[in-house]
Amino acid sequence: VVYIAMADNGSGFGYGRMAGVYRSDDGATFAPVLDWNHPFSPWLFSYVAIATGCIEYPYIPSQGWHDNAISVDPLDPMVLWLGGIDVYRSDHGGRTFGLAAYWMRLEEPPPPSYVHADQHLFTFSPHFDGVTDQTLYLVNDGGIYRTHNARAATTQEECPIEPDAGPPPGLLWEDLNHGYAVTQF
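Scoring rules and cut-offs
Residues numbered from 1 in each chain as written. Predicted model: local features only at pLDDT ≥ 70, side-chain atom pairs only at ≥ 80, totals over all residues. Heavy atoms only, no water. 1 Å grid on protein atoms, 1.4 Å probe; cavity = no way out; pocket = protein on both sides within 12 Å on 5 of 7 lines; lining within 4 Å. Points joined across faces, edges and corners; volume = space filled by probe spheres on them. Pairing = 2+ DSSP bridges. Helix = DSSP H or I, 4+ residues; strand = E, 2+ residues; numbered from the N terminus. Axes fitted to C-alpha atoms, helices over the stretch in contact; angles between N-to-C directions.

### Quick notes on the layout of surface pockets
Taken as a whole, the second largest pocket encloses approximately 190 Å³ of empty space. Contributing to the lining of the second largest pocket are 13 residues, with Y47, Y57, P61, Q63 and W103 lying nearest its centre.

### Concerning the sheet that holds strand 11 (residues 173–175)
As summarised here, the arrangement of the four strands in space is 8-9-10-11, forming an open sheet in which the pairing is antiparallel. Sheet topology places strand 8 (119–124) and strand 11 at the edges, where each strand pairs with a single neighbour. For this sheet the average axis-to-axis angle between neighbouring strands, irrespective of direction, equals 25°. Relative to strand 11, strand 10 (residues 143–147) is paired through three bridges, and the arrangement is antiparallel. Along strand 11, the bridge assignment pairs T147 with W173.

### Regarding the sheet that holds strand 6 (residues 87–90)
Taken together, four strands build an open sheet; the order of strands is 4-5-6-7 and the sheet is antiparallel. What marks the edges here is a single partner per strand, and that holds for strand 4 (69–72) and strand 7 (98–101). The average angle at which neighbouring strand axes cross in this sheet is 25°, direction not considered. Bridging between strand 5 (residues 80–83) and strand 6 involves four bridges; their strand directions are antiparallel. Counterpart to W81 in the pairing with strand 6 is R89.

These figures come from the coordinates and say nothing about function on their own.
Written out as structure tokens, the structure is:
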């Protein structure tokens, strides 16, 4: 199974926004799989809390031109990971996605659902078995993060700061950087 996630580069959706997720079972013929009726679908390369109105901002940042990571669970071809600004997981072959991590840091220490923005790479443990080893590494502009429960529940909550917010993602992320510093731009 091969998946492709594409960002728009200015043809009408907005520069860097999600243009589509496609799947191939033979590596040659691709079909669109993304359900555009799902509220996260247009914003998978964007900052979903801004796009859905949770946080006021003058525009919706979309960065599919820069942060566009995709990976398939090594044991289940229906489980697809996608990273833009936030981190998402689909348990339905790329049709719909749930949030697996937020780039939202309003408290110290940050909540376990926090990872730095701008996702670039997912890497599963070489011993990943989906049960005793569910380790997944995430590389982004802030360094390296790890979860030991990659199969935990995602969430449909796009606004984790509201008093009556739904449950956060069940995935617990650990910052592995220990003083790592980066200079951007």
